[in-house]
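So you can see what is in the structure, the chains are spelled out below.
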Amino acid sequence: VFATLTTVISQTLGTLAAVLFGRTDMPAARLFGELFLWPIYLSALVLSFGWYTIYGPAGYLTLLAQDIFDGAPWNLYTLPGMAMIAGVSQAPVAYIYCMSSATITDPSLEEAARVAGAGTFRTLWRITLPLLLPAIAYSAVLNFTVGLELLAIPLVFGDPAGITVLTTFLYNNGVASARPDHGLVATAAVLMLLVVCVLVWLQGRLLGNTRRFVTLGGKATRPRPFRLNRLRWPLCLVSAVYILATVVAPIGALLVRAFTSLLSPMVPLADVLTLGNFASMLEYPVYLRSIWNSLLVSAIGGVMATAMIALIAVIVLRSDFRWRGPLHYVALFPRAVPGVVAGVGFFYAFALVPGLGSLRNTIWILIIAFTMHYIPVGLGAVAPMLMQMSPDLDRAARVQGSDWWTASRRIVLPLMRPALVACFTILFITFFKEYTTAIFLFAPGSEVIGTTLLQAWTQGEVGLVSALATLQVLVIGICVTAARAIFGVKLYG
């Protein structure tokens, strides 16, 4: 139920945003599109804390609404409330897929509809939206899969209300329990893995025959924006309210809470400003260690994973290796493995396989687990550029007497440098915000920011959680801004 509600909300919001921000003449559409994407850069854990800070039972706007209206009209401690948070955090996925399709729609089809007398909204309903069906279907299966895998939102808002989903069941019986039932946890993890594998298979089959949706040919055409006329400013206002309520307010409140001892509309902000949360964070070794470990895992793991992904991509796409097909399949399979399930699997693997025990309770097990889990993400950043590169370049080197590895090292890999920079940046950000894979693997001394956030939250340290989450947002924000400004790297799509 949670995954279904999440999918419906995310697909509705993402599709509407793609059409509105990508295909109309609405003012500030590009700015809104950039802000709409921000939830995808942050972990669901940080977003959950932000929503709690602003809309929770003691949240800033909740207290304000109770004072004005004698009660808040929302309750996040329900399945619809949890799904709203998850839907907003996953809406950028649907937006990205639909935006890519919406911006390359053949304008002649929409022009034909206009010539036949159709207005803006009729053309959108009868022409544009049907052509987005492949993107909507593909992202819907992806969002449903993510909805099944989500841990932070059900843990923060579902557990206190007695609402249990499969991921919180795994967490409560495998991590939070004083006597973990490993057999039960492993069985539930296998069940989740089977369900997600079926969904990933469905994702591939769903768009098997898409020729009737093909509208991009050899002409250099650009679709004309739809004119909203008198609705331009009302829709702009609605979009601004949505962005403010779902993106700016939760993230902003979390940042403000980090610099205050208390955040309440009943207390003037100037009276509670403090750096005490950051001072407390610096006093405890576990917090500093988790920050340092996260940076190490992200940097070292990002480099190692990028190197491995580059090698896999070159073998699969630029070699005559006999087993390149099975290698490609194995490399893509981790996309069907939820983070919690991957953590459980690595926990047993490192406990049972001889020779791997020495890596337990170190950051190396996290680096290996994160790398395995996100190989498909890195391949998605590298493979498109490699497929666009003409094979004549390395063939020329082979004709001159170079072997395959020399041609790949001297010609192919240097030309892939922009894609490899993008791959490293994406993996650095992803590793830095990852926590679901780590919850079964970390130990005292190998904590990362995500696991420390969870522990601090369960102990009721709201100020420390806000300070640590603010640091995570700051690092990710710097990485995103630098990657896009300096290298021109797109961190999505």
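Refer to the preceding data block for the structure.
Every value quoted in this text rests on a predicted model; they were computed, and no experiment measured them.

Colleague: What exactly am I supposed to notice about the overall build of the chain here?
Modeller: Along its length, the chain carries 24 helices and zero strands. Expressed as a percentage of its 493 residues, the buried residues of the chain come to 48%. Contacts spanning at least 24 positions in sequence make up 76% of the contacts within the chain whose residues lie at least 6 apart. When the accessible surface of the chain is totalled, it reaches about 23400 Å², and 66% of it is carbon and sulfur.

Colleague: How should the environment of Trp-74 be read in this particular structure?
Modeller: In this fold, Trp-74 is placed in the loop between α5 (60–69) and α6 (79–102). Look at Trp-74 and you get partly exposed, because its relative accessible area is 30%. Sequence separation between Trp-74 and Tyr-55 is 19 residues, and the spatial gap between their C-alpha atoms is 8.0 Å. Once residues within four sequence positions are removed from consideration, Trp-74 is found in contact with Tyr-55, Leu-61, Thr-62 and Ala-65. Here the side chain of Trp-74 touches Tyr-55 through a polar contact of 3.1 Å, landing on its backbone oxygen. A polar atom in the side chain of Trp-74 sits 3.1 Å from the side chain of Thr-62.

Colleague: Would you mind showing me how to read the nonpolar core here?
Modeller: Note that soluble globular proteins tend to have their nonpolar side chains buried in a common cluster. Ranked by size, the top nonpolar core spans 92 residues in total, and within it Phe-21, Phe-157 and Leu-453 carry the most contacts. Listed in part, the 32 residues of the second largest apolar core include Ile-312, Ala-331, Met-416 and Leu-420.

Colleague: Can you walk me through empty space enclosed by the protein in this structure?
Modeller: Think of a ball as big as a water molecule: rolled over the atoms, this probe shows where empty space is left. Following the criterion strictly, the structure yields one cavity of 30 Å³ or more and no others. In this structure, the largest cavity occupies an estimated 40 Å³ of space. Considering the residues around the largest cavity, the lining is formed by Ser-294, Val-297, Ser-298, Phe-370, Phe-431, Phe-432, Glu-434, Val-448, Ile-449 and Gly-450. The set of elements that each furnish at least two residues to the lining of the largest cavity consists of α16 (285–318), α22 (417–433) and α23 (449–458).

Colleague: In this structure, what is going on with the pattern of salt bridges? I would like to understand it.
Modeller: It is possible for side chains of opposite charge to pair when their charged atoms get near one another. If you walk through the whole model with that rule in mind, you get two salt bridges. Asp-25 is paired through a salt bridge with Arg-232; the nearest N and O atoms lie 3.6 Å apart. Linking Asp-25 in the loop between α1 (2–23) and α2 (29–36) with Arg-232 in helix α13 (residues 232–258), this pair joins segments that are 207 residues apart in sequence. Judged by relative accessible area, which is 27%, Arg-232 ranks as partly exposed. Arg-289 is the salt-bridge partner of Glu-447, the closest N and O atoms lying 3.0 Å from each other. One end of the pair, Glu-447, is in the loop between α22 and α23; the other, Arg-289, is in helix α16, with 158 residues separating them in the sequence. Residue classification places Glu-447 among the buried positions, given a relative accessible area of 5%.

Colleague: Teacher, can you tell me more about the packing of helix α21 (residues 404–415) against α22 here?
Modeller: Packed helix pairs are characterised by how far apart their axes lie and by the angle those axes make with each other. At a minimum axis distance of 5 Å, the contact between α21 and α22 shows a crossing angle of 60°. Between α21 and α22, the angle is such that the two are oblique. In this structure, α21 uses Leu-413, Pro-414 and Leu-415 to contact α22, whose residues at the interface are Arg-417, Pro-418 and Leu-420.

Colleague: Explain the packing of aromatic side chains here, please?
Modeller: The relative placement of two aromatic rings is captured by the distance of their centres and the angle of their planes. One pass over the structure, following the stated rule, counts 19 aromatic pairs. Ring plane angle 65° and centroid distance 6.3 Å describe the contact between Phe-21 and Tyr-95, whose orientation is recorded as edge-to-face. One end of the pair, Phe-21, is in helix α1; the other, Tyr-95, is in helix α6, with 74 residues separating them in the sequence. You'll find Phe-21 and Tyr-95 in the same group, each marked buried. Seen from their ring centres, Tyr-55 and Trp-74 are 5.4 Å apart, and the 85° between their planes marks the pair as edge-to-face. Here the residue Tyr-55 occupies a position in helix α4 (residues 44–55), and Trp-74 occupies one in the loop between α5 and α6, the gap between them amounting to 19 residues. The rings of Phe-21, Phe-32, Phe-36, Tyr-95 and Tyr-242 are connected pair by pair, giving a single aromatic cluster.

What counts, and at which threshold
Residues numbered from 1 in each chain as written. Predicted model: local features only at pLDDT ≥ 70, side-chain atom pairs only at ≥ 80, totals over all residues. Heavy atoms only, no water. Helix = DSSP H or I, 4+ residues; strand = E, 2+ residues; numbered from the N terminus. Buried < 20%, exposed > 50% of the residue type's maximum accessible area, 1.4 Å probe, protein only. Contact = heavy atoms within 4.5 Å. Areas by Shrake-Rupley, 256 points an atom, 1.4 Å probe, with all protein chains shown as cover. Polar contact = N/O pair within 3.5 Å; in protein donor to acceptor, adjacent residues only side chain to side chain. Core = buried A, V, L, I, M, F, W, Y, C linked by side-chain atoms within 4.5 Å. 1 Å grid on protein atoms, 1.4 Å probe; cavity = no way out; pocket = protein on both sides within 12 Å on 5 of 7 lines; lining within 4 Å. Points joined across faces, edges and corners; volume = space filled by probe spheres on them. Salt bridge = Lys/Arg side-chain N within 4 Å of Asp/Glu carboxyl O. Axes fitted to C-alpha atoms, helices over the stretch in contact; angles between N-to-C directions. Parallel < 35°, antiparallel > 145°, perpendicular 65-115°, else oblique. Phe/Tyr/Trp six-rings, centres within 6.5 Å; stacked < 30°, edge-to-face > 60°.

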